[in-house]
Amino acid sequence: MVKEAEAHSAEDRAKREEVELRNQADHMIHQAEKVIKDNEARIPEDVKSEVNTKLEALKSAAKGSDTKALQRQMDEFNEALQKIGQHIYQEAGASAPTGAPSDGAPAGEQKKEEDVVDADYREVN
């Protein structure tokens, strides 16, 4: 029985890697669809079109059995997805007011210190 397990260990490892890769692809697809849906107005049409094309290619590769093709599609899709992130963060950076402190208080106003009281306590059971 041990010999049989050792004989099939390479097959088992390859199958496990394939399953993990498919899980990563499914997770990537799910997350990307959520990001696209949540930020649809912020994404330019040309970038959205490119990402959707790569997304469909990734979905079809996930249905196949070629793990190398799946990995390649995941890498290409990830590169296209990064463009969405760049647009979202550029827009967020452009809409932030300049000259204002990072704590959100208007310029020239200092943030009030909260009154903090140290207290001793004991637990009662």
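Refer to the structure printed above.
This text gives an overview of the structure that appears in the document.

Conventions and cut-offs
Residues numbered from 1 in each chain as written. Predicted model: local features only at pLDDT ≥ 70, side-chain atom pairs only at ≥ 80, totals over all residues. Heavy atoms only, no water. Axes fitted to C-alpha atoms, helices over the stretch in contact; angles between N-to-C directions. Helix = DSSP H or I, 4+ residues; strand = E, 2+ residues; numbered from the N terminus. Parallel < 35°, antiparallel > 145°, perpendicular 65-115°, else oblique. Left-handed = near helix turned anticlockwise from the far one by under 90°. Contact = heavy atoms within 4.5 Å. Nonpolar A, V, L, I, M, F, W, Y, C, P; charged D, E, K, R; others polar. Buried < 20%, exposed > 50% of the residue type's maximum accessible area, 1.4 Å probe, protein only.

This part covers the packing of helix H2 (residues 9-38) against helix H3 (residues 45-63). Closest axis-to-axis distance for the H2/H3 pair is 10 Å, and the angle between their directions is 155 degrees. Between H2 and H3, the interaxial angle falls into the category roughly antiparallel. The handedness of the crossing between H2 and H3 comes out as left-handed. The segment H2 lies against H3, with Arg22, Ala25, Met28, Ile29, Glu33 and Ile36 engaging Val51, Asn52, Leu55, Leu58, Lys59, Ala61, Ala62 and Lys63. Grouping the constituent residues of the contact of H2 with H3 by class yields 9 nonpolar, 1 polar and 4 charged.

With that settled, consider the side chain of Glu18. Turning to its location among the elements, Glu18 is positioned in helix H2. A relative accessible area of 18% places Glu18 in the buried class. Sequence-distant contacts of Glu18, that is, excluding residues within four places in its chain, are made with Ser65 and Thr67.

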